[in-house]
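# A structural walkthrough
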Amino acid sequence: MTTAENPATATDTRTITLLVNGREVTRAVSTRTTLSDFLREDLDLVSVHLGCEHGVCGCCTVLFDGESVRACLMLAVQARGHEVETVESLSADQNDLHPIQQSFAEEQGLQCGFCTPAMVLRAKEILADGRERSDAEVRSDISGILCRCTGYQNIVNAVQNAGRKLSRGANGGAGTHDGVGTSAVDGAETEQATDIDRAPGFDGPAGTEQRG
Amino acid sequence: MTATQEPTAVTHGGTKPAYKYIGSDRKRVEDPRLLVGRGGYVADMKMQGLLHAAILRSPLPHARIASIDTSGAEAIPGVIAVLTGEDCKAHMNPCMNFGPSTISQYPIAVDKVRYVGECVAVVVAESRYVAEDGIEALEVEFDELPAVTNPHAALEPDAALLHDEHGSNLGYERTFEFGDITKALDDAHLVVSDTLHWGRSAGMPMETSGAIARPGTNGVLEVYCNSLNFSYLQFLVAGALRIPSNKLKMQPVAAGGSFGSKFTAHKVPTLAAFLALRTGRPVSYVEDRLDHLMNSDHHASDRYYEARMGFTEDGMITGLDVDVVDDYGAYLQFGVGTHGNALSQATGPYRFRDLRYKLRAALTNKCQQGAYRGFGSEVHNWVLERLVEQGAKKLGLAPEEIRRRNFIQPEEFPYKIPGGNVYDSGNYPEVLDRALSMIDVEHWRREKKRLREEEGRYIGLGIATTQERSVFSSTEFWFWFDEPAFPITSSPESATITIDPAGQFQLLLHCQAMWGNSPETVSTTVLAEEFGVEPESVNVSYADTSRALPGTGPGGSRYTVMVAGAVRGASRKLKKKLIDIAAHSLEVSADDLELVDGRVQVVGAPERSLGIPDLAASAYFFALNLPPGMESGLEEAYTYDHPYTTLPSADRSDLGVFYPIMGHACHIAVMEVDPDTGRCSFLDYVAVHDAGTVVNPKSLGGHVTGGSAQGLGTSLYEELAYDTEGQFNSATFLDYLVPSANEVPPFRIGHVETPSPYTEYGIKGGGEGGRMVTPSVVSAAVDDALAEYGMHVQELPVRPATIVETVQDAIDARQ
Ligand code: FES
Ligand code: FES
């Protein structure tokens with residue numbers, strides 16, 4: 001919706017300046033406009049998807065001063081003077097994808113694509129430290145964003161793949177490792193898993209936590 | 001119409017031809033645009049002068065609408081219109097409906113509300129914010145009526161009526177009996193019985209349903225929507241709107257997930273269209289999550305079973321007797337098909353011949369029902385597998401052993417089940433063996449004992465199977481009725497291939513097909529296989545209804561099979577034309593030519609060849625180079641009809657063939673259950689699926705994983721809950737628990753391929769199987785983990801409280 005006119009309750013309008021995907025923007029917004037609506041409607045950044053507007057699904061995730069936030073839970077005016085990043089900042093050109101986006105394509109870490117921009121941004125945030133992550137860690141890291149399509153495994157693979165790509169990039173092209181997680185369930189013999197797509201370890205948090 | 005005809009089997013003879021593109025893990029062609037956030041969802045569309053609608057939803061389960069005061073809302077600047085059921089009554093016909101005509105429904109409640117969340121009034125305004133201000137300003141007076149929330153009580157004679165015109169709360173009732181179930185159970189060595197309840201859940205895609213309607217030129221109303229079956233049903237929407245079908249143009253828009261929830265989801269586009277007609281302006285209505293949770297187009301199955309199964313002494317199943325009361329909610333909408341689905345694989349992968357299936361559809365003050373991944377067959381499978389599990393226990397047989405003994409054998413296909421549906425092909429022992437080869441169940445059985453004794457942990461093993469019927473035929477929607485109003489027998493799919501003047505491929509699909517599945521990857525893979533061009537080079541688009549050829553749309557795992565047939569059919573026609581042009585140019589016989597890697601060449605002399613761009617140039621610009629009488633241009637369309645469907649018999653002793661392309665799956669789970677908290681977790685999980693020839697193993701694996709995750713939600717977490725007063729208790733994602741990455745284990749996936757003899761390339765559907773078996777596996781594993789406490793899952797989701805209570809009761813009873 002356009003937020004400029006909002007005669008109904010004559011809510012206040014403020015002029016805000018913020019940095020969005022590296023560019024400074026100044027706009028007049030109604031004080032009740034959410035950050036997600038502002039990004040979608042006023043700035044055409046439709047990658048910010050609204051799955052619930054209750055702050056639960058995480059599909060509206062954007063990076064706010066580098067940290068993931070749920071844009072549906074913030075007002076646009078709260079972003080005044082801050083930096084907001086949406087997936088368009090990685091690449092808005094589908095023929096020239098960012099390594100994280102490439103990894104999602106390679107691993108098929110998406111189906112309908114609705115949670116995808118949020119997952120990609122979250123991956124960018126967590127991979128920033130350059131550290132290698134186990135299945136369980138990635139699962140925990142992305143657990144604030146719901147995906148109804150994939151069952152998550154291919155997203156976990158994509159995040160790990162992206163981590164390898166990024167660290168290769170950082171190391172001037174030298175690959176650091178190429179294995180997948182190999183840890184297994186207590187007592188399970190991993191070598192049983194032979195003729196399957198892959199045999200990720202069952203070190204998911206659901207099990208780990210309990211076995212602690 | 002001929003009553004029965006078996007199609008000639010295309011033999012794949014067990015050996016699959018070598019394909020260049022089909023069967024390999026290719027990247028999806030849909031993904032690049034989704035990855036940059038340009039999925040093109042309906043909420044992303046912008047339009048000049050677009051208005052926005054918000055809905056006032058009923059706070060009461062059952063009430064007459066005494067009055068609606070719209071003046072407060074209308075006085076708000078920016079509010080354009082307020083519409084109520086009175087407007088529907090005056091200007092619309094009831095919405096499409098596949099149940100009895102005495103149960104009618106409009107997109108806005110007329111005269112009374114029948115569930116919490118039903119639409120009472122709509123405010124159309126210049127922004128969604130103002131529309132919602134308008135909703136706040138509406139004043140409605142209701143005369144409350146008694147709420148009917150228990151489906152059994154709903155069928156009692158003194159229950160309050162939902163639909164006076166219908167005369168009772170029994171939506172419909174039917175008993176099918178095939179064979180002699182009384183004798184089968186009387187003669188059985190063992191009869192097990194169970195009382196089961198499958199709770200209400202829903203597809204719950206991350207994107208809600210939405211539509212934008214715009215009055216266009218020439219009086220054509222354009223509707224952009226993410227519903228799936230628009231080309232099949234568009235004329236029914238036009239009928240509800242009282243406009244000629246050629247003045248309603250529905251344009252498909254990619255959906256952010258469906259899983260059944262957008263299947264025939266007609267109320268949202270019908271409402272948006274109605275609002276545009278009444279205001280004369282473009283109007284957008286996109287559900288918010290609350291709209292979707294409490295009202296959506298539909299929730300899914302909510303069934304109460306009394307079921308019995310007989311066994312011989314050595315564990316052979318003798319018969320199945322099912323009595324199901326389905327809590328349909330307030331309207332019937334699309335309900336019949338969910339039990340048709342159950343009947344398509346009523347006996348599962350097993351060989352028994354005696355079956356009774358009694359259904360009563362109860363009308364209650366809850367949201368209406370419709371499709372969700374499995375479409376009702378997954379519920380039946382859970383009941384079937386619960387009984388098989390119980391039989392195995394009582395007979396002292398391992399779960400894998402009782403199944404192995406009862407499996408239909410590979411040489412018995414095509415196999416006609418009681419009721420008449422045919423299973424085309426399969427190899428159930430091989431799927432079971434594959435699953436058992438991926439996980440050492442004996443090891444886990446030892447571990448279970450050891451961990452219990454040494455560490456006090458509770459481990460359970462679950463093994464279950466499912467049939468995965470695919471490629472529905474529309475007969476299943478009406479064989480329930482003796483005198484169906486519209487006994488439709490068509491369920492086709494179409495494709496149009498165009499080679500443009502520069503030799504580039506355009507592929508036009510004729511239904512809304514993109515909702516997270518891979519319609520473009522599949523169809524371009526098939527096209528690539530036929531022409532030898534790279535799949536990524538093909539541009540795919542979707543026809544609107546003003547151009548669409550016959551299409552039924554995705555659903556019932558039909559799209560991959562059907563679109564492959566359509567694309568291959570169109571390819572054959574277009575290849576013939578290319579070869580005829582080349583034959584004329586090269587002055588050779590068409591029989592001496594072949595199409596290899598995008599060139600038409602002389603067999604044995606590949607240096608004599610013409611590329612597709614050369615042939616395209618001739619077809620478009622050099623008519624004098626074409627064979628005499630040939631039309632200019634390079635475009636061919638093909639409509640692929642259902643490969644194998646037959647009519648039900650008049651007395652319904654045979655329901656005909658309506659869902660013959662039969663997949664199969666076996667899952668094995670190792671779970672740990674905490675008896676103190678009821679917490680369930682997974683230690684290992686393998687899933688082996690047979691979906692015939694696999695087009696893209698990675699994509700199919702993704703669907704198996706996603707479907708299994710949803711099955712897990714159905715089993716353990718998700719519930720669209722109503723209290724006994726009819727209040728709705730699942731109004732946010734904090735109440736309706738979609739599994740997160742923390743709850744979903746890394747399923748280990750295996751594929752077995754038994755090609756279908758009836759489909760192109762031998763492909764079977766494979767989109768739903770994950771969810772169709774998970775609930776049975778989880779139930780069995782939870783029972784196994786807590787067997788010493790007498791755990792016996794009878795209701796889904798299995799709540800932590802149920803587990804804790806069962807354990808506590810058992811402990812109390814011992815003392
Ligand atoms: S839309 Fe913001 S968390 Fe769901
Ligand atoms: S890809 Fe559909 S919600 Fe994640």
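Bear in mind the structure is a predicted one, so any value in this text is a computation, not a measurement.

Calculation rules
Residues numbered from 1 in each chain as written. Chains lettered and ligands numbered in written order. Predicted model: local features only at pLDDT ≥ 70, side-chain atom pairs only at ≥ 80, totals over all residues. Heavy atoms only, no water. Helix = DSSP H or I, 4+ residues; strand = E, 2+ residues; numbered from the N terminus. Buried < 20%, exposed > 50% of the residue type's maximum accessible area, 1.4 Å probe, protein only. Contact = heavy atoms within 4.5 Å. Domains from an automatic or database assignment. Buried area = accessible area lost by both parts, 1.4 Å probe. Polar contact = N/O pair within 3.5 Å; in protein donor to acceptor, adjacent residues only side chain to side chain. Nonpolar A, V, L, I, M, F, W, Y, C, P; charged D, E, K, R; others polar. Core = buried A, V, L, I, M, F, W, Y, C linked by side-chain atoms within 4.5 Å. Salt bridge = Lys/Arg side-chain N within 4 Å of Asp/Glu carboxyl O. Pairing = 2+ DSSP bridges.

### Brief notes about the overall build of chain A
Looking only at helices and strands, chain A has six helices and five strands in total. Counting over 212 residues, chain A shows a buried share of 55%. Contacts in chain A between residues far apart in sequence, at least 24 positions, make up 53% of those at least 6 positions apart.

### As for the domain arrangement of chain B
Residues and elements named next belong to chain B. Structurally, chain B comprises domain 1 (31–39 + 492–640), domain 2 (48–406) and domain 3 (422–471 + 659–815). Its C-alpha centre places domain 1 at a distance of 38 Å from the equivalent point of domain 2. With 18 residues of domain 1 at the contact, the number on the domain 2 side is 22 residues. Summing both sides of the interface, domain 1 and domain 2 together bury roughly 1,500 Å²; the carbon and sulfur share of this comes to 60%.

### Observations regarding the interface of chain A and chain B
Taken residue by residue, the interface counts 80 residues in chain A and 84 residues in chain B. For the pair chain A and chain B, the summed buried area comes to about 6,600 Å², and 56% of that belongs to carbon and sulfur atoms. Counting the contacts that link chain A with chain B gives 29 residue pairs in polar contact (both at pLDDT 80 or more). At the level of elements, α1 (35–42), α2 (99–107), α3 (116–127), α4 (135–142), α5 (153–170) and α6 (205–211) of chain A are the ones that each hand at least two residues to the side of chain A that touches chain B. Considering every element that reaches the side of chain A that touches chain B, the biggest residue donor is α6 of chain A, with six residues. A class-by-class count of the residues in the side of chain A that touches chain B yields 32 nonpolar, 27 polar and 21 charged.

### Describing the nonpolar core
Membership of the largest hydrophobic core comes to 230 residues, with the highest contact counts inside it found for Phe104 of chain A together with Leu343 and Phe531 of chain B. The biggest single contributor to this core is helix α16 (residues 559–586) of chain B, with 15 residues. Among the nonpolar cores identified, the runner-up in size contains 38 residues, and Ala213, Leu233, Met250 and Ala276 of chain B belong to it.

### Quick look at unusual backbone geometry
All names here are of chain B. The amide bond that connects Phe413 to the next residue, Pro414, takes the cis arrangement and shows omega of -5 degrees. For Pro414, the position within the fold is in the loop between α12 (399–406) and β16 (415–416). Cis geometry is adopted by the peptide bond preceding Pro797, which originates at Leu796 and carries an omega value of -5 degrees. Tracing the backbone shows Pro797 in the loop between β29 (795–796) and α20 (800–814). Even without being a glycine, Asn218 presents a positive backbone phi close to 60 degrees. Position of Asn218 among the secondary structure elements: in the loop between β9 (210–215) and β10 (221–225). Residue classification places Asn218 among the exposed positions, given a relative accessible area of 65%. Phi at Val471 is positive, roughly 65 degrees, even though this residue is not glycine. Looking at where Val471 falls in the secondary structure, it is placed in the loop between β18 (459–470) and β19 (493–499). Residue class for Val471 comes out buried when judged on its relative accessible area of 0%.

### Considerations on the domain arrangement of chain A
Residues and elements named next belong to chain A. By domain assignment, chain A separates into domain 1 (3–90 + 182–193) and domain 2 (99–178). The interface of domain 1 with domain 2 comprises 19 residues on the first partner and 15 residues on the second. The junction of domain 1 with domain 2 conceals about 1,400 Å² of combined surface from both sides, 65% of it contributed by carbon and sulfur atoms. Interface area lost by domain 1 to domain 2 is led by His49, Val87 and Leu90, which between them contribute 36%. On the surface where domain 1 and domain 2 come into contact, there are one salt bridge. One salt bridge in this structure joins Glu85 and Lys124, with 2.5 Å as the shortest N-O distance. Counting residues per element, the ones that place at least two in the side of domain 1 that touches domain 2 are β3 (61–64) and β4 (67–70).

### Regarding the sheet that holds strand β4 (residues 112–113) of chain B
Residue and element names in this part refer to chain B. Spatially, three strands are ordered β4-β2-β6 in an open sheet, and the strand pairing comes out antiparallel. Of all the strands in the sheet, the pair left with one neighbour each is β4 and β6 (139–144). As judged from the two bridges shared by strand β2 (residues 63–69) and β4, these two strands associate in the antiparallel manner. Bridged to Arg64 within β4 is Lys112.

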